[in-house]
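What follows is each chain in one-letter form.
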Amino acid sequence: MQILNLTLYPLSYLCHSFQMAGVYIHIPFCHKACTYCDFHFSTSLKNKSAFVEALLREIELRKNFLDEPVTTIYFGGGTPSVLKADEINRITEKLAENFKVIPQEITLEANPEDLTQDYLHSLRSTMVNRLSIGIQSFRNERLQWMNRNHTAEQSLQAVQCAKDAGFDVSIDLIFALPAMTMDEWQQQLMQADALRVSHISAYSLTLESKTAYAFQVKKKQVQELNENDAERQFLAAHDFFTEKGYTHYEISNYALPGKQAKHNSSYWNRTPYLGLGPSAHSFAMNMRCWNVANNNSYIQYISDGVLPLSCEELQLKDELNETLMTALRTAEGLNIETLENKMPPEMYRHFMKEIALQEKRGWIERKNAVIFIPFKHWYKADRIISEFFITT
Amino acid sequence: MENIRNFCIIAHIDHGKSTLADRLLEYTNTLTKQQMQAQVLDDMDLERERGITIKSHAIQMDYTLDGKKYVLNLIDTPGHVDFSYEVSRSIAACEGALLIVDAAQGIQAQTISNLYLALEHDLTIIPVLNKIDLPSAEPELVKDQIVDLLGCKREEIMAASGKTGMGVHEILQEIVHRIPSPKGNPKAPLKALIFDSVFNSFRGIIAYFKVIEGEIKSGENVKFVATDNEYIAEEIGILKLEKLPQKTIGTGNVGYIITGIKNAKEVKVGDTITTVENPCDEAIAGFEDVKPMVFAGIYPVDTEDYEELRSSMEKLQLNDASLVFEPESSAALGFGFRCGFLGMLHMEIIQERLEREFNMTVITTVPNVSYKAFLTNGDQYEIHNPSDFPDPSKMDRIEEPYIKAQIITKAEFIGAIMTLCINKRGVITGQNYLTTDRVELMFEMPLAEIVFDFYDKLKSVSKGYASFDYHPIGYKTSDLVKLDIRLNGEPVDALSALIHRDHSYTFGKKICEKLKELITRQQFEIIIQASIGAKIIARETVKAIRKDVTAKCYGGDISRKRKLLEKQKEGKKRMRQVGSVEIPQQAFLAVLKLD
Ligand SMILES: Nc1nc2c(ncn2[C@@H]2O[C@H](COP(=O)(O)OP(=O)(O)OP(=O)(O)O)[C@@H](O)[C@H]2O)c(=O)[nH]1
Ligand code: SF4
Ligand SMILES: [Mg+2]
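This is a predicted model, so every value here is computed, not measured. (Residues numbered from 1 in each chain as written. Chains lettered and ligands numbered in written order. Predicted model: local features only at pLDDT ≥ 70, side-chain atom pairs only at ≥ 80, totals over all residues.)

**Student:** Would you mind going over the overall build of chain B with me for this structure?
**Tutor:** A tally of regular secondary structure across chain B gives 13 helices and 33 strands. Counting across all 595 residues of chain B, residues that qualify as buried make up 48%. Counting contacts in chain B only where the partners sit at least 6 residues apart, residues at least 24 apart contribute 70% of the total. (Helix = DSSP H or I, 4+ residues; strand = E, 2+ residues; numbered from the N terminus. Buried ≥ 20, exposed ≤ 12 C-beta atoms within 10 Å, placed from the backbone. Contact = placed C-beta atoms within 7 Å.)

**Student:** Would you take a moment to explain the overall build of chain A for this structure?
**Tutor:** Looking only at helices and strands, one finds 14 helices and 16 strands in chain A. Across the 392 residues of chain A, 43% fall into the buried class. Within chain A, residue pairs in contact and separated by at least 24 positions form 73% of the contacts whose partners lie at least 6 positions apart.

**Student:** In this structure, what is going on with the site of ligand 2? I would like to understand it.
**Tutor:** Around ligand 2 sit A:Cys30, A:Ala33, A:Cys34, A:Cys37, A:Phe39, A:Phe41, A:Gly77, A:Gly78, A:Thr79, A:Asn111 and A:Gly134, and that is every residue in its neighbourhood. Taken together, the residues of the shell around ligand 2 sort by class into six nonpolar, five polar and no charged. (Near = placed C-beta within 6 Å. Nonpolar A, V, L, I, M, F, W, Y, C, P; charged D, E, K, R; others polar.)

**Student:** Could you clarify how one ought to interpret the packing of helix α7 (residues 306-319) of chain B against helix α8 (residues 344-358) of chain B in this entry?
**Tutor:** Residue and element names in this part refer to chain B. Interhelical geometry of α7 versus α8 gives an angle of 110° and a closest axis separation of 11 Å. Taken as axis vectors, α7 and α8 run roughly perpendicular relative to one another. Counted together, Ser312, Lys315 and Leu316 of α7 and Ile350, Arg353, Leu354 and Phe358 of α8 form the full contact between these two elements. Its residues assigned to classes, the contact of α7 with α8 comprises four nonpolar, one polar and two charged. (Axes fitted to C-alpha atoms, helices over the stretch in contact; angles between N-to-C directions. Parallel < 35°, antiparallel > 145°, perpendicular 65-115°, else oblique.)

**Student:** Got a minute to help me understand the site of ligand 1 in this structure?
**Tutor:** Residues and elements named next belong to chain B. If you check the shell around ligand 1, you find 21 residues, and the closest are Gly16, Ser18, Ile52, Thr53 and Gly79. Residue contributions to the shell around ligand 1 peak at three residues, all from helix α1 (residues 17-27). Looking at the shell around ligand 1, its residues break down into five nonpolar, 11 polar and five charged.

**Student:** Could you clarify how one ought to interpret helix α14 (residues 381-388) of chain A in this entry?
**Tutor:** Each α-helix winds once per 3.6 residues, and so residues spaced three or four apart point in a common direction. Counting buried residues along α14(A), six of its eight residues qualify, which places the element largely inside the surrounding structure. Those residues of α14(A) not exposed but buried are A:Ala381, A:Asp382, A:Arg383, A:Ile385, A:Ser386 and A:Phe388.

**Student:** Would you explain the confidence of the model for chain B in this entry?
**Tutor:** Predicted coordinates in areas of low pLDDT are best not read in detail. Put simply, chain B has an average pLDDT of 89, and 95% of its residues get 70 or more. Note on the complex model: pTM 0.66, ipTM 0.79. (pLDDT = per-residue confidence, 0-100.)

**Student:** Whenever I open this one, the sheet that holds strand β14 (residues 334-335) of chain A confuses me. Can you help?
**Tutor:** Backbone hydrogen bonds hold the strands of a sheet together, and the pairing may be parallel or antiparallel. Residues and elements named next belong to chain A. Spatial ordering of the open sheet is given by β14-β16-β15, a layout of three strands whose pairing is antiparallel. A single partner strand is all that each edge strand has here, and the edge strands are β14 and β15 (365-367). As defined by bridge partners, β15 adjoins strand β16 (residues 370-372) across three bridges and the pair is classed as antiparallel. Bridge pairing in β16 links Arg366 to Ile371. (Pairing = 2+ DSSP bridges.)

**Student:** It is not clear to me how unusual backbone geometry should be interpreted in this structure. Could you clarify?
**Tutor:** Put simply, A:Gly77 and A:Gly78 share a cis peptide bond, and its omega is 15°. Along the chain, A:Gly78 turns up in the loop between β3 (70-77) and α2 (85-98). Phi at A:Lys210 is positive, roughly 65°, even though this residue is not glycine. Following the sequence through the fold, A:Lys210 ends up in the loop between β7 (199-204) and α7 (212-218). Positive phi is not limited to glycine here, since B:Gln39 has a value of about 45°. Mapped onto the secondary structure, B:Gln39 falls in the loop between α1 and α2 (45-50).

**Student:** I keep staring at the environment of B:Tyr208 and nothing clicks. Help me out?
**Tutor:** All names here are of chain B. With respect to the helices, strands and loops of the structure, Tyr208 is situated in strand β8 (residues 204-213). With 22 C-beta atoms counted inside 10 Å, the residue Tyr208 sits in the buried group. It is 8.9 Å that separates the C-alpha atoms of Tyr208 and Val269, two residues lying 61 residues apart in sequence. Setting aside residues no more than four positions away along its own chain, Tyr208 makes contact with Ala58, Ile194, Phe195, Asp196, Ser197 and Tyr256.

**Student:** How do you make sense of the sheet that holds strand β18 (residues 324-330) of chain B when you look at a structure like this?
**Tutor:** Residue and element names in this part refer to chain B. With respect to topology, four strands assemble into an open sheet ordered β18-β19-β17-β20, the strand pairing being antiparallel. Because the sheet does not close on itself, it has two edges, and the strands there are β18 and β20 (362-364). Neighbour to neighbour, the strand axes of the sheet diverge by 30° on average, direction disregarded. Relative to strand β19 (residues 334-341), strand β17 (residues 294-300) is paired through five bridges, and the arrangement is antiparallel. Bridge pairing links Phe295 to Gly340 in β19.

**Student:** Where do I start with the pairing of strand β24 (residues 427-433) of chain B in this structure?
**Tutor:** Side-chain direction in a regular strand flips from residue to residue, so the side chains alternate between the two faces of the sheet. All names here are of chain B. The buried count for β24 comes to zero of seven residues, which makes it a mostly uncovered element. Bridge count between β24 and strand β25 (residues 438-446): six bridges; the pairing is antiparallel. When the bridges of β25 are listed, Val427 appears paired with Glu444. Connecting β24 to the antiparallel partner β25 that follows it, the hairpin turn spans four residues.

**Student:** What should I look at first to understand the environment of B:Ser478 in this one?
**Tutor:** All names here are of chain B. Examined against the element boundaries, Ser478 turns out to sit in strand β26 (residues 466-478). Taking the C-beta count within 10 Å as the criterion, Ser478 has 19 such neighbours and is therefore assigned partly exposed. Leave out the neighbours within four places in its chain, and Ser478 touches Ile398, Glu399, Glu400, Pro446 and His500.

**Student:** Would you explain the nonpolar core in this entry?
**Tutor:** Taken as a class, soluble globular proteins show a tendency for nonpolar side chains to be buried jointly. B:Ala97, B:Leu99 and B:Phe209 are the most contacted members of the largest nonpolar core, which totals 163 residues. In this structure B:Phe209 touches B:Ala192, B:Leu193, B:Ile194, B:Phe195, B:Gly255, B:Ile257 and B:Ile273, once residues within four positions along its chain are discounted. Ranked by size, the runner-up nonpolar core spans 101 residues in total, among them A:Ile27, A:Phe75, A:Tyr213 and A:Ala284. (Core = buried A, V, L, I, M, F, W, Y, C linked by C-beta atoms within 7 Å.)

**Student:** Just to check I follow, could you spell out the packing of α1(B) against helix α6 (residues 168-178) of chain B for this structure?
**Tutor:** Any two packed helices are characterised by how steeply their axes cross, that is the angle between the axes, and by the distance between the axes. Residue and element names in this part refer to chain B. For the pair α1 and α6, interaxial distance at closest approach is 10 Å and the crossing angle is 80°. Taken together, the axes of α1 and α6 are roughly perpendicular relative to one another. Taken together, the residues of α6 that come into contact with α1 (itself represented by Arg23, Leu24 and Tyr27) are Val168, His169 and Leu172. Across the contact of α1 with α6, the residue classes tally to four nonpolar, one polar and one charged.

**Student:** It is not clear to me how the confidence of the model for chain A should be interpreted in this structure. Could you clarify?
**Tutor:** On average, residues of chain A carry a pLDDT of 90, and 95% of them reach 70 or more. Here strand β1 (residues 3-5) of chain A stands out as the element of chain A with the lowest mean pLDDT, 39, in contrast to helix α6 (residues 182-195) of chain A, whose mean of 97 is the highest.

Right, dumping it as structure tokens:
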């Protein structure tokens, strides 16, 4: 791997001509730290306005990063709903000044406690048309354990109001919580369905180091749910939501017809995206770059007119591996015809051999030129995908 | 011929053979300044990395004494017991030996055993007291020891330092004066002994020989007696740091021959080279067969590489005549080879050399010694593999090989060493004070207990002040059991071990723990069990890791995740799939890493 210092590269190096692009904006602030979370954020809001100024400046500094029109914008975090509507407007306006913005899907991640009537009303004046709401659980004792800042009632209300205000709504749920029974999960699924939102993300709780959860596990205060139950819950969600008319289009994501998340899909189908804000990742052509993951240094560097970026140039094999990895996590699968031109013949032969082997095992299936992992094996997708990886 | 001197340098490990060889090469101007480096004859990467000699290395020097020109053929030999076969073959190509003794450490176990090897071949011994520059050197004391051992005169011992170069001129002179020139009739038909060989992928097999009688000419038709194959001597020459082609090589001299043979089986170390036209009457006696001490299976990581592994092993065998192997198969690992080694270091080196020189990634299974099985129906056979262990209902008894161990140490470590030996099922048979402070201890113990980690343990309990030698004394009845390992209920034959019943429970528990540590968490839960027959004696579980799959996969995650999966895949190259479980290469040797 090569870490490049971007300052050595003319920005035009990163430009190319795709049809569209996405912008990801990382808002590194949260009201409280959730028990399980290892994302980059700060729980002190005192730097918020300095951060917004820096963000605006970064947009200017990176105006050459993308050539193609920006069709999706995603405010992620952290907790983007700490932003006021006018702050959001300033950001999107700045984007429009520096890029060609043709807004299709503008998502804001939001926590239920922030989604008051007033706030939602003010959001109507922004470009935001989609809200991704962190529900996580419909049980208060679970929310407490997670150190979330809202109750189940607030969640229900927030979703209802958001829908009423005309936003496309996605919700996040977490399964495989410690000692979660199948009953509890089934109840969660039913409550989620009752909300009739157009998009649902269901993640399993994962143990990340340096989180409160990891500490509790180490001190044996809680125990991770065993893998078999976790897998059963994963499959139960699949059966349940599929039955209710949702498409299980990616390992963790379900959508009603036509409501698949466009922005997230761009991560998976290699659309270029620009990541703004501390720790945000960008991807264009064959470069991945990421900003420094520290609010203060981010603000400092940007105000000095310097982009705190590290970059990695993807080799052909990295490129192929990423394509494999993201495509095989989706229901759509991977069109192998597109790979034949990209791969040297020897590699392609080897790849086809691997496909035949995995097909025999039943780990992948094939329809004409498209291979995909059947739902029942999605839970071990990582393992299956790594079998295809090209290593030399 | 009377101007040729053939000699080897022998000693206990680390007593300074290769370093003294450097000085001899330097003082005879055999190497240029640029070519010179420490232990220059240790030219294998493995030798340089580990700082030990693994292969004997022959090199020719020109030397002038009193206006007369001499040709000195030197062979530097390894000191470690596991490579003693290298020493014995080198000795067969020499008339004399420099017996090096470290002036600080004195006579050690391998000093004695290598000396006896040389005396068996009637070699003239020149004792050299080396490293006398060391502040801790005790020259007078060690001279006493040498006089005792050799029965030589005190003045015959040369004092030297391979480091400072002291005594090196004298040693060169004495080599000429004391070591006899080779005998042998130059007019007789050609008779040359192959004492080593190596595979070269461009030139084919290169054989090293010593001309016993007659002479060999470039371009002549030669015959290898044992294999009865005829070749043209495409190139012959002498061994400088590089090979130096010659027209002829005469009686008594050492050289190499290249005939373009590519098939490893056509060359046998110990074979005789003669000419087609005028063949010699009888072949040279050759070498005694090696008697391996430890056996283990070697399997390709990728089952498809079996044939390639075979050809690699045959080629490696050319350069390591102490390696023996025969095909075997395992339910878990497929086709591979049961190999015999002279010890654990030897086994490790073979595995390393297969990887480095032949690009073969292999799995080595749990090593064992060879046992004798006696059945109730009177049948009897040797067990080289745990899978040969007889059905207990048909078994009369098992006998295991015992050795007599001789340990020389300082008095203060006697207690610790005794405890160690008793834990290893040893029985003390003698104790002998060599000086007030140096003690010789004699034990009888099972060979199986010493081949694995005994030597390391001995070193650590004695802080390095113990030397160790052993020889087999036959077989004794023993209460052995076969311990099997099951992964997710499936027995993995390659992980089975034969072990004394008294040790089996602790061993079973430890090996399960070790395997748990080594088998990386996979997408499935893995249950590890140790069993004797149907009885499970230990159990561990390796939890699965799959939740990660459904963690949030956001923009920044893609390269992180890619790298994670890449690592998984990389790791897998060294893993072997057994049923649904992937076992890393090291797990097969986990037994060795238990304490
Ligand atoms: N002080 C001192 N150190 C020496 C002398 N000769 C060798 N050494 C050191 O002793 C160590 C072993 O030297 P080698 O020449 O590799 O010993 P060896 O006998 O060839 O070892 P093996 O081939 O592995 O048996 C090295 O660290 C040398 O530097 C000497 O005359 N004086
Ligand atoms: S889960 Fe979301 S709200 Fe909770 S700490 Fe992490 S980023 Fe903040
Ligand atoms: Mg040496």
